[in-house]
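# Observations on the model geometry
Residue strings, one per chain:
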Amino acid sequence: MAGRGRVSMQEHMAIDVSPGPIRPIRLISHYFPHFYPTAEPALRPPDPRPPVTPVRSAPQPQPDPEPEADSDDSTALGTLEFTLLFDADSSTLHCTAHRAKGLKPPASGSVDTFVKANLLPGASKASQLRTHTVRGTRGPVWEETLTYHGFTLQDARRKTLRLCVCEDPRLRRRRQAPPLGELRVPLRKLVPNRARSFDVCLERQRLTKRPKSLDTARGMSLYEQEVEAELASEERGRVLLSLCYSSQRGGLLVGVLRCAHLAPMDANGYSDPFVRLFLHPNSGKKSKYKTSVRKKTLNPEFNEEFFYAGPREELAQKTLLVSVWDYDLGMADDFIGGVQLSSRAGGERQQHWRECLGHSDRRLELWHPLDGAPFQLSD
């Protein structure tokens, strides 16, 4: 080699200067955590290639085996930190929106944002909650808790929570824009009465409405079909009732506390609900009651109590009819749904009625799903 001062191009290209097998270049998305709430973290398979002495001191990790079709888009939208708590004792789901980081608004500069939550499947406005708006920052801090009442174990097994970070169009005097990003968390992994914190990358908005024409629809996901199928059988809502037989007053105290996820009956997507009570059969004047009307809501809170006099043995032979209506001025009210409580009813409705009349001065509260069919009474 000492006698040769120059190396020809052909000889240079023939020299093996590679330190080892060429490894793939890491994508930006590899540096960010991926969230798969329905699956446990997968172990990486061992590298079948023989060990090679690395050129750098830091080892090069293997690429993520999961598909990366839209990971770069997802991480570019920012992240959202939040905490979920399913309180099984009070049948509530608490979602605390903490903060977002690295939001990318369509236009450069500051942004006014809020977090919107929905339970899927279900009517969008019936389960829609939102935080307050934080102005002028791409890293907003909300620290606000959104609470869903009437959330049961059955809901946790089949529902998904959708969270969207949205711009507030009212402060910018422009039309409502698509969300800056969204994410969806299947709730079946939640452990009752145990809080779970998340720090998740936002994704682009996914449409959930079924196209009008299936012949021209392309690329519709299976999830969208499942959502639409479950929406057809979605319940009419639910009502929280309290029952207590008062030995001092000698009668039954019925409390209408609140309703949740009612079916919308008005063109604006809401209802003006109120509740009617009827003890059947009863010929007295005090057999029928109704609550006040709550305007433009699908989750009304009433906290009103009514009294039916009579001994427990007599009340045990009767049926309490509870119906929820949408108030319409100048027109007939729309029936939303109802529930019947009696010793001849089935399941929790019968159990609630019997336990109340079997014990004095003991208040029992329970959520009851509403039936969409009108009552069929027989004397």
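Here the structure is a predicted model, which is why all the values come from computation and not from measurement.

The rules behind each value
Within each chain, residues carry numbers counting from 1 in the order of the written sequence. For this predicted model, a pLDDT threshold of at least 70 governs which residues receive local features, and a threshold of 80 or more governs which side-chain atom pairs are given and counted, while totals over whole chains, interfaces and linings are taken from all residues. With hydrogens and water excluded, all non-hydrogen atoms of the structure serve as input to the side-chain values. Numbering of helices and strands runs from the N terminus, with a helix taken as a DSSP run of H or I at least four residues long and a strand as a DSSP run of E at least two residues long. Per-residue accessibility, obtained with a 1.4 Å probe over protein chains only, is compared with the maximum for each type, and a residue is labelled buried under 20%, exposed over 50%, and partly exposed between these values. Two residues qualify as a contact provided that any one of their heavy atoms is within 4.5 Å of a heavy atom in the partner residue. Surface exposure here means Shrake-Rupley accessible area, sampled with a 1.4 Å probe, where a residue is shielded only by the protein chains that are shown. Any carboxyl oxygen of Asp or Glu that lies within 4 Å of a side-chain nitrogen of Lys or Arg is treated as forming a salt bridge with it. You can read pLDDT as the predictor saying how much it trusts each residue, on a scale of 0 to 100. Strands pair, by our definition, only if DSSP identifies at least two bridges between them. To obtain an axis, a line is fitted to C-alpha atoms, over the contacting stretch when the element is a helix, and the angle between two such axes runs from 0 to 180 degrees between their N-to-C directions.

## Remarks on the overall build of the chain
On a plain count of helices and strands, the chain comes out with seven helices and 16 strands. Buried positions account for 40% of the 379 residues belonging to the chain. In the chain, of all internal contacts separated by at least 6 residues, the share reaching a separation of at least 24 is 67%. Just so you have it, the chain exposes about 22,500 Å², and 52% of that area is on carbon and sulfur atoms.

## Focus: unusual backbone geometry
Residues L120 and P121 are joined by a peptide bond in cis, for which omega reads -5°. Of note, P121 is situated in the loop between β3 (113–120) and β4 (129–130). Phi at S91 takes a positive value of approximately 55°, unusual for a residue other than glycine. Mapping S91 onto the fold places it in the loop between β1 (79–87) and β2 (92–101). With phi around 55°, H261 is a residue other than glycine that occupies positive phi space. Structurally, the position occupied by H261 is in the loop between β10 (251–260) and β11 (273–280). Using a relative accessible area of 14% as the deciding quantity, one classes H261 as buried.

## Details of the pattern of salt bridges
One pass over the structure, following the stated rule, counts 12 salt bridges. Here D155 ties to R238 by a salt bridge, and the two come within 2.6 Å at their closest N and O atoms. On the criterion of sequence distance, the pair formed by D155 in helix α3 (residues 153–158) and R238 in strand β9 (residues 238–246) is long-range, its members being 83 residues apart. Of the two residues, D155 and R238, neither departs from the other in class, the shared state being buried. In this structure, E182 engages R184 in a salt bridge whose closest nitrogen and oxygen atoms are separated by 3.0 Å. This pair shows no difference in class: E182 is buried, exactly as R184 is. Shared partners join several salt bridges into a network, and the residues in it are E81, R99, K101 and E143.

## A short note on the side chain of R349
Checked against the element boundaries, R349 lands in helix α7 (residues 347–358). Among all residues touching R349, those that are not within four sequence positions of it are V339, Q340, L341, S342, H368, P369 and D371.

## Observations regarding the confidence of the model for the chain
In low-pLDDT regions, the fine details of the predicted coordinates are not to be read closely. Taken over all residues, the pLDDT of the chain has a mean of 78, while the share at 70 or more is 67%. pLDDT under 50 marks residues 35–45. Its contacts with residues more than four places away, or in other chains, come to 16 contacts. Below pLDDT 50 for its whole length, residues 52–74 participates in 31 contacts with residues either more than four positions away or in separate chains.

## Observations concerning the sheet that holds strand β13 (residues 301–309)
If you trace the four strands from one edge of the open sheet to the other, you get β13-β10-β9-β16, paired in antiparallel fashion. Of all strands in the sheet, those with a lone pairing partner are β13 and β16 (364–369), marking the two edges. Along the sheet, successive strands turn relative to each other by an average axial angle of 25°, direction set aside. Inspection of the sheet shows β10 paired to β13 by seven bridges, in the antiparallel sense. Paired with R258 across the strands is E301, a residue of β13.

## Some remarks on the pairing of β2
For β2, the tally of buried residues reaches seven of 10 residues, placing the bulk of the element in the interior. As judged from the nine bridges shared by β1 and β2, these two strands associate in the antiparallel manner. Bridge pairing in β2 links F86 to L93. Two successive antiparallel strands, β1 and β2, enclose a turn made up of four residues, where S91 displays a positive phi of approximately 55°. Looking at chain direction, β2 and strand β5 (residues 141–149) are connected through seven bridges and run antiparallel. Paired with A97 across the strands is E144, a residue of β5.

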